[in-house]
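# Results of the structural survey
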Amino acid sequence: MRPNIASVGSHVEQGHENAETLTPHAALIRRGVSPERTKMTLHDLEARFAGLSAAQHADFQDQHLGMVACQEALRAASRGNYGVGAVFVDPHGTVVEQGQNAVFYPHFRSDLHAEMVVMNAFEDRHPEVDTMRGYALVCSIEPCPMCFARLLAAGVQTVKFLAEDAWGGMLRHRQHLPDAWQRLEQRQAISQADVSESLRQLAADVFRLTLDLCRQKLWSR
Ligand SMILES: [Zn+2]
C-alpha cells in the first residue's frame, strides 16, 4: 500500500507555507513510512508511466513531448529532487535539450529547476542562436515565479506545462509582474499542454510525491 499522494498534495495546496504545511510529511514519518515505501510509490508511478504510450494518444498534439518531460520528472524524483522535468524543441520540432530539477542532488543549487537546467544548457551550447522565435519549452509542472521570469527573459516563444501548480505556479499571478516584465510577455504564449488526462495526472503525482520532502529540506536550510 502506498502513501496517499493526493491527500498530501491537496493539503499543500491550501493554507500558508509555514511549519504547518510540513506536518503531513512529519506525520508520515511518525507513522513509519520508510524510504522503502516511498521508493515503492515511485515504482508505482514508473509503472503507470510505462503503461502509457505516445502512439496510443496520437490525438494529443503534445503527448510525445509531455512523456519526455514526465520521464525526466521521474528521474528527478528518483534522485531526491523535485519531480519536475522539461524539454526544449527548436522551430522544426526537434528536441534540442531535455532536463530535470537538480536542486538537491548532486548538491544544493537553489536555481536548478527543470526549466532553468534546460535553458542554461541550451544557451551555453548554442551561443550562435540569436532568436527564440519558433522555440518551445514543455515542462511537467506550471512554472514557478523564478522560472516564469527566466523564460520571459530568455524570450522563449511558446511555453506549455502539463499540470497546474495552484500553490507555487506563477501563471495566474502574472498581472503582478513589474511593467517591464509584463512587456516581455507580449512575445510569449503560455498554456497547458495538449496531452491525455492520464499523463497530466501522472505529471502532477510525480511532483506531489516529492513535494513534502523537498520543502522540508528547503525549509531546514
Ligand atoms: Zn521553477
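Model, not experiment: these values are computed from the prediction.

## Quick word on the overall build of the protein chain
Regarding its fold elements, the protein chain presents eight helices and five strands. Listing each helix as α and each strand as β along the protein chain from the N terminus yields α-α-α-α-β-β-α-β-α-β-α-β-α. Residue pairs at least 24 apart in sequence account for 67% of intrachain contacts in the protein chain once pairs closer than 6 positions are excluded.

## Thoughts on the sheet that holds strand β5 (residues 189–192)
Taken in spatial order, the five strands make up an open sheet running β2-β1-β3-β4-β5, and their pairing is mixed. Of all strands in the sheet, those with a lone pairing partner are β2 (95–100) and β5, marking the two edges. Direction aside, the axes of adjacent strands within the sheet are offset by 15° on average. Of the strands in this sheet, β1 (85–89), β2, β3 (136–141) and β4 (158–163) are in contact with helix α4 (residues 63–78), which crosses β1 at around 140°. Here helix α8 (residues 197–219) sits on the sheet and contacts β3 and β4; the angle it forms with β4, its principal contact strand, is near 80°.

## With respect to unusual backbone geometry
Here the bond from Y105 into P106 is cis, since omega is 10°, no more than 30 degrees from zero. Relative to the helices and strands, P106 is located in the loop between β2 and α5 (114–125).

## Quick word on the pairing of β2
Summarising the sheet, β1 and β2 pair through five bridges and their orientation is antiparallel. Bridging across to β2, F88 finds its partner in E97. Between β1 and β2, which pair antiparallel in sequence order, lie five residues; one of them, G93, sits at a positive phi of approximately 85°.

## Topic: the nonpolar core
Core analysis: the biggest nonpolar cluster contains 52 residues, and A73, L137, A203, V206 and F207 have the highest contact counts within it. Elements with a minimum of two residues in this core: α4, β1, α5, β3, α6 (145–154), β4 and α8. When residues of this core are assigned to their parent elements, the largest contribution, 10 residues, is made by α8. For A203, the residues in contact, after removing those within four places along its chain, are C70, A73, S140, I141, L162 and A163.

## Remarks on the environment of L162
Mapped onto the fold, L162 is located in strand β4. Between the C-alpha atom of L162 and that of Q63, which follows or precedes it by 99 residues, the distance is 9.6 Å. Beyond its immediate sequence surroundings of up to four residues, L162 is in contact with G66, A69, S140, A193, V195, L199, R200 and A203.

## Quick look at the pairing of β5
In the sheet, β4 pairs with β5 via four bridges, with the strands oriented parallel. When the bridges of β5 are listed, F161 appears paired with Q192. Each parallel crossover has a hand, and the one from β4 via helix α7 (residues 179–184) to β5 is right-handed.

Cut-offs used in this document
Residues numbered from 1 in each chain as written. Predicted model: local features only at pLDDT ≥ 70, side-chain atom pairs only at ≥ 80, totals over all residues. Helix = DSSP H or I, 4+ residues; strand = E, 2+ residues; numbered from the N terminus. Contact = placed C-beta atoms within 7 Å. Pairing = 2+ DSSP bridges. Axes fitted to C-alpha atoms, helices over the stretch in contact; angles between N-to-C directions. Core = buried A, V, L, I, M, F, W, Y, C linked by C-beta atoms within 7 Å. Buried ≥ 20, exposed ≤ 12 C-beta atoms within 10 Å, placed from the backbone. Right-handed = clockwise from strand over helix to strand, strands pointing away.

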